[in-house]
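# Breakdown of the fold
Chain residues, written in single-letter form:
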Amino acid sequence: MKKLWAIGLSAAFLLTACGEEEAAEPAEATAGSEGSDDSKEVKQELMKFYMSIPNTINAVDGDLNAFEMNQAEDTLPEGDELQAMKDAAIASAEEAAGAIDSIEIPGALEEQQETIESAFAAMQESYEMKVEELTKDASFEAAIEKFGEADTMLNELLVEQDLAESSIYNEVSQ
């Protein structure tokens, strides 16, 4: 009888121990899926946010793009027309810098905020450089390079979230 009781107690202990182990596994799986839910939310927010940046800039940089296209095609007007086009491009570049400043970073991207703010600062500096160049000979190479720095920073964030690299500069200079 004592042997039967010892076997029963051992079996109960063994089953209890196995039951606790099984109960721990779903809790760990749930914790892992919450992490992946957070990661999924960050990925979605980053993608929506990233796509909103060129939309915001494109809403105000049309005159700057027109100037740059005419400059690239060597079809800039002369005299007063050129000055009017430069003035419109300056205003457009200033509006673009202001538009970047008005973009709000979603709360889900709190961990990426510092990098995003650095990228925005580079973008704004790029537009400020274009404003300065428009008062001179309108050579935008340095400004384009500065914007490239912003693209690089934002692409690092995209790659961290397993998203495809892109170029905001290509999106806003059309």
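Since the model is a prediction, treat every value here as computed from it, not as a measurement.

Rules and cut-offs
Residues numbered from 1 in each chain as written. Predicted model: local features only at pLDDT ≥ 70, side-chain atom pairs only at ≥ 80, totals over all residues. Heavy atoms only, no water. Helix = DSSP H or I, 4+ residues; strand = E, 2+ residues; numbered from the N terminus. Buried < 20%, exposed > 50% of the residue type's maximum accessible area, 1.4 Å probe, protein only. Contact = heavy atoms within 4.5 Å. Core = buried A, V, L, I, M, F, W, Y, C linked by side-chain atoms within 4.5 Å. pLDDT = per-residue confidence, 0-100. Phe/Tyr/Trp six-rings, centres within 6.5 Å; stacked < 30°, edge-to-face > 60°. Lys NZ or Arg CZ within 6 Å of the ring centre and 35° of its normal.

## Digging into the overall build of the protein chain
Helix and strand counts for the protein chain come out as six helices and zero strands. Counting helices and strands in the order they occur from the N terminus, the protein chain gives α-α-α-α-α-α. Among the 174 residues that make up the protein chain, the fraction classed as buried is 32%. Relative to all contacts within the protein chain whose residues are 6 or more apart in sequence, the contacts with residues 24 or more apart total 71%.

## Structural notes on the nonpolar core
Ranked by internal contacts, the top residues of the largest apolar core, which has 36 residues, are Ile 53, Met 123, Tyr 127 and Leu 154. Of all the secondary-structure elements, those providing two or more residues to this core are α1 (2-58), α2 (62-72), α3 (79-102), α4 (113-134), α5 (141-160) and α6 (168-172). Take this core: its biggest share by element is eight residues, from α4. Aside from chain neighbours lying at most four places away, what touches Ile 53 is Ile 103, Phe 120, Met 123, Leu 154 and Ile 168.

## So, the confidence of the model for the protein chain
On average, the protein chain scores 84 in pLDDT, and the residues at 70 or more come to 79%. Put simply, α1 is where the protein chain has its lowest mean pLDDT, 63, and α4 is where it has its highest, 97. Counting contacts from residues 1-18, a segment whose pLDDT is below 50, to residues more than four positions away or on other chains yields zero contacts. In this model, residues 20-34 is a region of pLDDT below 50 whose contacts with residues beyond four sequence positions or in other chains number zero contacts.

## Some remarks on the packing of aromatic side chains
Applying the stated rule across the entire model yields four aromatic pairs. Aromatic side chains Phe 67 and Phe 140 sit 6.2 Å apart centroid to centroid with 75 degrees between the ring planes, which places their arrangement in the edge-to-face category. With Phe 67 in helix α2 and Phe 140 in the loop between α4 and α5, this pair connects stretches of sequence that are 73 residues apart. In this pair, the class of Phe 67 matches that of Phe 140, namely buried. Each member of the aromatic cluster is reached from another via a ring pair, and the members are Tyr 127, Phe 147 and Tyr 169. A cation over an aromatic ring shows up here: Lys 130 above the ring of Phe 140, its NZ or CZ 5.7 Å from the ring centre.

## Focus on unusual backbone geometry
With a phi angle near 60 degrees, Ala 138 is a residue other than glycine that sits in the positive phi range. As for its placement among the helices and strands, Ala 138 is situated in the loop between α4 and α5. Phi is positive for Asp 162, close to 60 degrees, though the residue is something other than glycine. Along the polypeptide, Asp 162 turns up in the loop between α5 and α6. By relative accessible area, which is 66% here, Asp 162 ends up exposed.

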